[in-house]
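Commentary on secondary and tertiary structure
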Amino acid sequence: MFLSAVYFLSVWGAVFTDSDSTDTEVEVITYNTEYALGSEIVMTCKITALDTVSGVRWIKDGADFREQGEFAAGQSSPFQSIVTFTAAAEDAGTYNCEATLGTAAPFTTETALIDVSLTILAAEMTPAEETVYLQIGETLPLACTFKNLATYMLTITWLRDPSESGSCTPAGEVEPATETGKCKVVSMYNTDVDDTVVSRPNLQASSDPAVSNTYSCKGVYNNIANNKEVITSAARNVVVRGFTIQPTSLSLGVGDDAAFTCETVGESEPTAVWLLDSVPQASSLFSSVYTPSTRATKSVLSLVSVTKQRSAVVCRMTYPGEGGEINSQPATLSVYSIGFVTSPQDRAFDKGESYEMTCSLRTEPGIV
């Protein structure tokens with residue numbers, strides 16, 4: 001019973017002025033003291049008085065509040081002033097209202113003796129960057145932190161792409177560290193021992209185009225009075241880039257034709273270039289095709305009648321934005337030739353004579 005009584009006073013703020021003014025009662029009324037960022041807050045200053053109330057002043061943390069609401073002249077007791085505003089982070093604090101009594105000087109003022117304190121609930125998303133770029137195979141640790149919670153039940157859901165209905169889907173999705181392979185709704189309960197809850201899933205970057213997406217978390221919070229607030233974090237854009245096909249090393253003979261292939265995925269169509277021994281090749285030597293549905297870009301380098309003995313071949317894709325240049329693993333183009341080191345000599349043979357002939361071949365190292 002003691003806990004319920006305390007909460008009733010903190011929510012309703014129903015108090016009387018001092019004993020010398022028993023004919024006036026001032027109340028600050030709000031139906032909740034914990035609001036999610038962006039929620040609508042409504043507070044009422046109710047004054048029961050024998051005298052006329054000519055004005056009401058709203059006070060936050062000892063100073064004039066930015067919203068003063070409206071007070072209509074000609075009211076009769078109980079008098080009311082209602083202030084409505086959207087919850088911002090700076091709105092957490094202590095509130096009161098002050099009534100001005102009388103229609104002419106000298107005026108008197110009355111305020112509630114017990115303030116009403118509001119808590120603004122928010123979810124902080126980690127990482128802090130709005131857009132995060134990943135290479136295929138990298139893991140991005142995400143964290144969503146809910147603060148300023150009292151006794152509560154909090155249900156956390158991780159979301160991918162706010163335009164999609166429901167929560168995220170399994171393939172390539174955000175995975176809570178405690179359970180892999182699926183997107184999980186995390187439910188928690190706590191008392192006033194800890195006012196902060198953190199959910200820490202990991203995002204595995206893969207070639208699945210759905211992984212490049214927008215991620216956020218949502219908390220549905222029920223406080224001790226069973227008032228429900230929906231707390232939503234800021235969104236983070238995740239962009240995955242990387243090679244799904246690396247160029248393959250080739251060993252060819254002098255005069256053969258060579259073809260190298262690479263493929264990447266990314267947020268848009270990149271600019272492709274091929275390099276031989278760090279030298280960019282002419283665009284006429286390669287072709288690139290971008291497929292919007294899979295966000296994949298395939299590029300093929302074609303070399304006619306190769307002659308150079310050994311070259312390092314690299315495929316480079318450049319995407320817009322931070323860290324947009326990515327390079328493939330280098331492939332090796334080995335070109336070999338065959339020739340005689342010693343050759344048979346022309347000569348005449350006598351009948352029955354035996355003769356040993358030697359032929360030596362010259363090749364590149366490692367080629368038989």
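Reading guide: rules and limits
- Residues numbered from 1 in each chain as written.
- Predicted model: local features only at pLDDT ≥ 70, side-chain atom pairs only at ≥ 80, totals over all residues.
- Heavy atoms only, no water.
- Helix = DSSP H or I, 4+ residues; strand = E, 2+ residues; numbered from the N terminus.
- Buried < 20%, exposed > 50% of the residue type's maximum accessible area, 1.4 Å probe, protein only.
- Areas by Shrake-Rupley, 256 points an atom, 1.4 Å probe, with all protein chains shown as cover.
- Contact = heavy atoms within 4.5 Å.
- Pairing = 2+ DSSP bridges.
- Axes fitted to C-alpha atoms, helices over the stretch in contact; angles between N-to-C directions.
- Phe/Tyr/Trp six-rings, centres within 6.5 Å; stacked < 30°, edge-to-face > 60°.
- Salt bridge = Lys/Arg side-chain N within 4 Å of Asp/Glu carboxyl O.
- pLDDT = per-residue confidence, 0-100.

Glancing now at the overall build of the chain. The number of helices and strands found in the chain is one helix and 33 strands. With 368 residues in all, the chain has 39% of them scored as buried. Surface accessibility of the chain: about 19,700 Å² in total, with carbon and sulfur atoms responsible for 52%.

Relative to the helices and strands, Asp-91 is located in the loop between strand E7 (79-86) and strand E8 (93-101). Along the chain, Asp-91 and Tyr-35 lie 56 residues apart, while their C-alpha atoms are 9.9 Å from each other.

On to the side chain of Ser-216, then. By the secondary structure assignment, Ser-216 is in strand E20 (residues 213-223). Under the relative-accessibility criterion, Ser-216 is labelled buried at 7%. Setting aside residues no more than four positions away along its own chain, Ser-216 makes contact with Met-125, Thr-157, Trp-158, Leu-159, Ser-233, Ala-234 and Ala-235.

On to the pairing of strand E21 (residues 228-232). Only one face of E21 is buried: it carries Glu-229 and Ile-231, and the other face, with Lys-228, Val-230 and Thr-232, is open. As defined by bridge partners, E20 adjoins E21 across five bridges and the pair is classed as antiparallel. Following the sheet pairing, Tyr-221 is matched in E21 by Glu-229.

This paragraph deals with the sheet that holds strand E14 (residues 143-146). Taken in spatial order, the three strands make up an open sheet running E11-E14-E18, and their pairing is antiparallel. Bordering the open sheet on either side are strand E11 (123-126) and strand E18 (197-199), each of which pairs with just one other strand. On average, each strand axis in the sheet is inclined to that of its neighbour by 20°, with strand direction left out of account. When E14 meets E18, the two strands line up antiparallel, connected through three bridges. Bridge pairing in E18 links Thr-145 to Val-198.

This part takes up the packing of aromatic side chains. Inspection of the entire model under this criterion finds three aromatic pairs. Aromatic side chains Phe-65 and Tyr-95 sit 5.2 Å apart centroid to centroid with 85° between the ring planes, which places their arrangement in the edge-to-face category. Taken together, the positions of Phe-65 in the loop between strand E6 (63-64) and E7 and Tyr-95 in strand E8 put the pair 30 residues apart, joining distant regions of the chain. Residue Tyr-95 is classed as buried on the basis of its relative accessible area, which comes to 1%. Ring plane angle 25° and centroid distance 6.3 Å describe the contact between Phe-85 and Tyr-95, whose orientation is recorded as stacked. Here the residue Phe-85 occupies a position in strand E7, and Tyr-95 occupies one in strand E8, the gap between them amounting to 10 residues. Grouping aromatic residues by their ring pairs yields a cluster made of Phe-65, Phe-85 and Tyr-95.

What follows is about unusual backbone geometry. Here the residue pair Ser-77 and Pro-78 is connected by a cis peptide bond, since its omega of 0° sits within 30 degrees of zero. With respect to the helices and strands, Pro-78 occurs in the loop between E6 and E7. Positive phi is not limited to glycine here, since Asp-277 has a value of about 50°. Topologically, Asp-277 is positioned in the loop between strand E25 (271-276) and strand E26 (279-280). Backbone geometry places Ser-305, a non-glycine residue, at a positive phi of 55°. The exposure class of Ser-305 is partly exposed, given its relative accessible area of 39%.

Our next topic: the pattern of salt bridges. The tally for this structure, following the rule as stated, stands at 10 salt bridges. In this structure, Lys-60 engages Asp-61 in a salt bridge whose closest nitrogen and oxygen atoms are separated by 2.7 Å. What makes Asp-61 partly exposed here is its relative accessible area of 47%. When the shortest N-O distance is used, the salt bridge between Arg-66 and Glu-67 registers 4.0 Å.

Here we take up the pairing of strand E9 (residues 108-111). The sheet contact formed by E8 and E9 spans four bridges and is antiparallel. In the sheet register, Glu-98 faces E9, and the bridge partner there is Thr-111. Hairpin connection of E8 to E9: six residues between the antiparallel strands, including Gly-102 at a positive phi of 105°.

Turning to the confidence of the model for the chain, a few remarks are in order. Counting all residues, the mean pLDDT for the chain is 79, and 77% of those residues have values of 70 or more. Contacts for the low-pLDDT stretch residues 1-21, under 50 throughout, to residues beyond four places or in other chains number 42 contacts. Contacts of residues 164-185 to residues separated by more than four positions or lying in other chains number 50 contacts, the stretch itself having pLDDT below 50.

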